[in-house]
Amino acid sequence: MEDRLRIFQKVIRAALFLLVLQCLYLQVIRFPHYRRLSERNCIRIVEFGIPRGEITDRNGRTLAIDRTCFNLVFSPYDLKNPRRVAELLTRLIGADLQLLLEEFSSRKGNPFDRFVLKRNLTQEEISKIEEYAFQLPGVFVQAGIDRTYPLGTGSCHLLGYLGEVSQEQIDSMKEERFKPGDRIGQYGLEKLYDVLLRGKAGGYQVEVDALGHQRRVLGKTEMTPGNSLILTIDQSIQEAAAQELEGKAGSVVAMDPRSGEILALVSSPGFDSYNIAKALRAPRQPFLNRVVAGQYPPGSIFKIVTETAGLELGLIGEHDRVECSGEMTLRDRVFHCWKEGGHGWVDVNLALPYSCNIFFGTLGMNVGARNLLDYAKLFDLGKKTGIDIPGEKPGHLPSVEESGGSLNLAIGQGALLTTPLQMCQLIAVVANGGNIWKPFVVKKILDPNGKIVKEFSQELKKTVFISEETLAILRKGLKNVVIFGTGASSRISEAVVAGKTGTAQTAHRDFQSATYGGFACYADAERPTIALVVFLDNAGSGQAARIAGRILRKVFNPESAEATSSETTVEFDDLPDEPVLVAPVVEERGAI
Amino acid sequence: MDEKISPRMVLFIESLLLSLIGLLLLFSASKGVVIRFQAVFLKQLVWVAGGIFLFFGFRNFDYRHWRKLSLFLYFFFIILLILVFFVGHGRAGRWIRIGFFNFQPSEFMKFVLIVGLAGYFSERQVERFSVFFGGLCITMVPFLLVLLQPNLGTAFLLLIIFFSIAYLAGAKRAHLFSVLTTGLLASPFFWMMLKDYQKQRILIFLNPWKDPLGKGYNILQSKITIGSGGIIGKGFLRGTQTKLAFLPEYHTDFIFCLLAEEFGLIGVLALLVLYYIFLKQIYNIMITTKDHYGRLIGGGVTALFFTQIFVNIGMASGILPVAGIPLPFLSYGGSALLVSFFCVAILYNLSKNSTLF
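These numbers come from a predicted model, not from an experiment.

(A) The side chain of S490 of chain A, seen in detail. Residue and element names in this part refer to chain A. Residue placement: S490 occurs in the loop between helix 19 (468-483) and strand 21 (497-505). Assessed through its relative accessible area of 0%, S490 is described here as buried. Excluding its chain neighbours within four sequence positions, the residues that come into contact with S490 are V482, V497, F519, A545, R546 and G549.

The following block contains the structure:
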């Protein structure tokens, strides 16, 4: 034991001696170096911007990428005489004096914090700043990273945007160690996949001079770039859809009916990710992603469900006819078909293309509200689709009591509310013969080395059983909608389109528009590869169908992108194609 | 003049002296830009008083009683360590609040493990593997609980206590080595059991540069702070590095920097000499006592104090990775201070009783 005790003692002596040596080294040999560093407090940390992962479409085309840029930054600690600096900057780069002074006084910091004054400096601005560097203590040009979205507002709802991390976010996500000024995804995929896209910061420890300008690097830490996302989106369809919606309010969503892969998702108006403040004040709800959060009555598109229910329940045969005289009376109330004078005797093969309200109203009363709602539920209407985009709304599947009655329900004017995405899911079910695929936009997540971190495959939510006969009748009807019916303006020579128009009054208080026009379709009718839904606020369904046609033409024949649609003869370019059967409107129409 | 003061008195006087230095440094810290340090200084003052009170309370408490008490204490603190997972709070949830004060069961576990292992090994044939292995099991339970908090520094200290006491008790070198290698080989399995955030903390512990703007940054700053003190230091209350909060946590894990900056190499040497004398007194007590149990306690306390001193100063001066281990008597923290005084009290009694033989 004494031996071991002595060894103990030796270890202790050796270790303490080692500490003495280290302190000798630091405090005597390296003393001048450390004293100099400490006297000026001149150590700063310069972070490399963290390169965020890229987002690409299914073909590898860039949708969002980080690009090197030069930013004007300032260090509150090194800033002397903010007023003079601000005045000089106003002269040099035309910045707003008041905003600058506000920024200077609002940012307090320890010696290592730097804040961005202006992103993306031009070459000219950089040389001006450098020229006057000596009069700008605490202000410098620093390489940084800037997020660019090649499609601009055309992809803003899908991708979202990056914003400066808020104080609440810093506090609520302590583990992430955010600092004021850090970027964080604030919307869309950038928000949902923020943790994966964000890399880990690297940085330099630098020695700075009395003006705060960098002298030399003391240490460096490598950064880790973020993961990248590959989407199911097809950039060319997304772009075409965005162009079509330019200046309008509405939405477009395209899906592959064979898998649920979203090919395009556009909502309009959009917002400029560089100017969020402006968008916040803009009218028409630019931050509303209408595809997933716009809740509309389905309008006549719902007639697909009414017809399915009628045929499947055996309440109507293919050739059973109803006479449309232009109006019908139900309990002292007069309901009108959209066509004055009526469609005459119609069977289901004519009623769907003509979108005859009398036919479907009669059918709906036979089917009953209970059954209609059951079929709506079967098609997952009024229920979140589960798409991997934040902010999805479910719509509303009412009970029988609050449904607004079987007649209103049958033509999509009841209390049922759906999103354009749910309409797309519905039309895709007809296209693929009964499968409800979960819609998704992210296909793969890749790490910085290109290795797959996670791959998302298609997910069958459920299969709706629809008999072959019913499907055949439905599909024929939808084709006829485009050949001679209300959706004729979507007709194109490149593919056979099958679809259904719809118009309704939006009961949703978020919308300023009273009516919307919608068109849900798939193409090619024989072998569908795309399901497409176009919804327009304050417009008719004919216009929506025309936009759908133009987008589909670019899908099926990318070369003809510039060709006009004038060759298409539009017989039923009606506006609106059917009236809204909510009570007050009925009264109005009755007076005409 | 040459009248010898007994080692136990030196021990007690030294612990007072060291606590006083700690208070002095915290007082200096309270003159800096961070306001909360004023409260820190006053609180530590209360803790030091509590420690002295504790010392006088237990100085005449026969150290051999701990042998009987240790089993009860062991299980009591194991339960508290489990409890911490449910009711713990504060940074990394290590504290338990009782009445007005928070305390850290893991700090007290160090002391309990020392008296427990000393008792266990002193009664048995440590050369036998089963006995050695039993001691290992006794250590592993609190070790794992503390590791999962996660409090790597204290967990590491518990292991050091085990190896030191086992070594002094006469464990075979082959046993010690086999346990070390098994531990290294088994570590990947532990790793898989951990949660992501725990892994993250351990990774940062092992490689501070993973957290370049946090702890990695601290290393350079703490070296600057120490180095800029020079030979004579900047003078009491005149440190600049620490005052401007270039170094966070300088009242706990980096308190050594404060001393090095204001009192320079002279202060550093004085502190190290004080610590050396302190450890030397324990050694003297161990040599003079004939009681195996008492010696093992001395060994455990030596290992505990020495490791804390070495790791803490080694970390601050940049030769060891950053670890949250307090400097005995100097760092702010009530639990650690009380445990230190407890150790002094037991050694005092040990030395007094052993001379009676």
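(B) Up close: the environment of G135 of chain B. All names here are of chain B. With respect to the secondary-structure elements, G135 resides in helix 5 (residues 129-147). The class of G135 is buried, set by a relative accessible area of 0%. Through-space distance from the C-alpha of G135 to that of Y120 is 7.2 Å; in sequence the pair is 15 residues apart. Ignoring sequence-local partners within four residues, the contact set of G135 consists of L117, Y120, F121 and F162.

(C) Highlighting the sheet that holds strand 11 (residues 250-255) of chain A. Residues and elements named next belong to chain A. If you trace the 5 strands from one edge of the open sheet to the other, you get 12-11-23-22-21, paired in antiparallel fashion. At either end of the open sheet lies a strand with only one pairing partner, and these are strand 12 (262-268) and strand 21. In this sheet, adjacent strand axes meet at a mean angle of 10° when their direction is disregarded. Relative to strand 22 (residues 515-523), strand 21 runs antiparallel, the two being bridged by 9 bridges. When the sheet's bridge partners are listed, V497 is paired in strand 22 with A523.

(D) Quick peek at the pattern of salt bridges. A full pass over the atoms with the stated rule returns 29 salt bridges over all chains. Measuring nitrogen to oxygen at the nearest pair gives 2.8 Å for the salt bridge that ties E190 of chain A to R52 of chain A. Separated by 138 residues along the polypeptide, E190 of chain A in helix 8 (residues 188-192) and R52 of chain A in the loop between strand 1 (43-47) and strand 2 (55-56) bring together distant segments of the chain. Both residues of the pair, E190 of chain A and R52 of chain A, count as buried. The shortest N-O distance in the salt bridge between E107 of chain B and K110 of chain B comes to 2.6 Å. Note that E107 of chain B and K110 of chain B are positioned in helix 4 (residues 105-122) at a spacing of 3 residues, about one turn of the helix. As far as the burial class goes, E107 of chain B and K110 of chain B line up, both buried. Counted as one network, the salt bridges with shared partners bring together R52, D66, R147, R183, E190, D194 and R198 of chain A.

(E) The arrangement of the nonpolar core in detail. Core analysis: the largest hydrophobic core is formed by 121 residues, its most contacted members being W66, F121, F256, L271, I297, F329 and L330 of chain B. With 18 residues, helix 10 (residues 255-288) of chain B is the largest single contributor of residues to this core. In contact with F256 of chain B, not counting residues within four places along its chain, are C23 of chain A together with I226, V268, L271, N312, I313, A316 and L327 of chain B. Counting 89 residues, the second-largest nonpolar core is a separate cluster that includes L288, V291, F302 and A369 of chain A.

(F) Quick peek at the environment of L101 of chain A. All names here are of chain A. Among the structural elements, L101 can be located in helix 4 (residues 97-106). Taking C-alpha positions, L101 is 6.5 Å from A86, a pair spaced 15 residues apart along the chain. With near-sequence residues (within four places) excluded, L101 lies in contact with P82, R83 and A86.

(G) Structural context of unusual backbone geometry. Residue and element names in this part refer to chain A. Residues S268 and P269 are joined by a peptide bond in cis, for which omega reads 0°. Position of P269 among the secondary structure elements: in the loop between strand 12 and helix 11 (276-281). For the bond from A523 to D524, the omega torsion is -15°, close enough to zero to count as cis. Mapped onto the elements, D524 comes out in the loop between strand 22 and strand 23 (530-537). In the Ramachandran plot, D380 falls in the positive-phi region, its phi being about 65° despite a non-glycine side chain. Position of D380 among the secondary structure elements: in the loop between helix 16 (369-378) and helix 17 (406-410). The backbone of N538 shows a phi angle near 55°, a positive value even though the residue is not glycine. As for its placement among the helices and strands, N538 is situated in the loop between strand 23 and helix 20 (541-556).

(H) View of the pairing of strand 10 (residues 228-231) of chain A. All names here are of chain A. Where burial is concerned, the two faces of strand 10 agree: the one with S228 and I230 and the one with L229 and L231 are both buried. With 2 bridges connecting them, strand 2 and strand 10 associate as parallel partners. When the sheet's bridge partners are listed, T56 is paired in strand 10 with I230.

(I) Examining empty space enclosed by the protein more closely. Residue and element names in this part refer to chain B. Here the structure, examined in full by the defined rule, presents 4 cavities of 30 Å³ or more. Looking at the largest cavity, its volume works out to about 70 Å³. Lining of the largest cavity is provided by E107, K110, L304, F305, Q308, P328, A336, V339 and S340. Those elements that provide at least two residues to the lining of the largest cavity are helix 4, helix 11 (292-316) and helix 12 (334-354).

(J) Representation of a nonpolar patch on the surface. Taken together, the side chains of F17, L18, L21, L24, Y25, V28 and I29 of chain A together with I231, I232, I266 and I319 of chain B present a nonpolar region at the surface, about 1000 Å² in accessible area. Among the elements that take part in the nonpolar patch, helix 1 (residues 2-29) of chain A stands out by supplying 7 residues, more than any other.

(K) Quick peek at the packing of aromatic side chains. With the rule as written, the count across this model stands at 42 aromatic pairs over all chains. Geometrically, the ring pair formed by Y161 of chain A and Y187 of chain A is stacked, given 6.4 Å between the ring centres and 20° between the ring planes. Here the residue Y161 of chain A occupies a position in the loop between helix 6 (156-159) and strand 6 (162-164), and Y187 of chain A occupies one in the loop between strand 7 (183-185) and helix 8, the gap between them amounting to 26 residues. The two residues Y161 of chain A and Y187 of chain A agree in class, both being buried. For the ring pair F72 of chain B and F76 of chain B, a centre distance of 6.1 Å and an interplane angle of 20° mean the geometry is stacked. Here F76 of chain B and F72 of chain B lie together in helix 3 (residues 65-87), a separation of 4 residues that amounts to about one turn. Relative accessible area serves as the criterion here: at 55%, F72 of chain B is assigned to the exposed category. Here a set of aromatic residues connected by ring pairs shows up, and it is made of Y120, F121, F129, F132, F133, F162 and F163 of chain B. Taking the ring centre of Y167 of chain B as reference, the NZ or CZ of R4 of chain A above it sits at 4.4 Å. Above the ring of Y348 of chain B, the side-chain terminus of R8 of chain B is found at 5.6 Å from the ring centroid.

Parameters and conventions
- Residues numbered from 1 in each chain as written.
- Chains lettered and ligands numbered in written order.
- Predicted model: local features only at pLDDT ≥ 70, side-chain atom pairs only at ≥ 80, totals over all residues.
- Heavy atoms only, no water.
- Helix = DSSP H or I, 4+ residues; strand = E, 2+ residues; numbered from the N terminus.
- Buried < 20%, exposed > 50% of the residue type's maximum accessible area, 1.4 Å probe, protein only.
- Contact = heavy atoms within 4.5 Å.
- Pairing = 2+ DSSP bridges.
- Axes fitted to C-alpha atoms, helices over the stretch in contact; angles between N-to-C directions.
- Salt bridge = Lys/Arg side-chain N within 4 Å of Asp/Glu carboxyl O.
- Core = buried A, V, L, I, M, F, W, Y, C linked by side-chain atoms within 4.5 Å.
- 1 Å grid on protein atoms, 1.4 Å probe; cavity = no way out; pocket = protein on both sides within 12 Å on 5 of 7 lines; lining within 4 Å.
- Points joined across faces, edges and corners; volume = space filled by probe spheres on them.
- Patch = residues over 30% accessible without salt bridge, like charges linked within 9 Å, V, L, I, M, F, W, Y side chains within 5 Å.
- Areas by Shrake-Rupley, 256 points an atom, 1.4 Å probe, with all protein chains shown as cover.
- Phe/Tyr/Trp six-rings, centres within 6.5 Å; stacked < 30°, edge-to-face > 60°.
- Lys NZ or Arg CZ within 6 Å of the ring centre and 35° of its normal.

Note that all results are geometric; they support no functional claim without further evidence.
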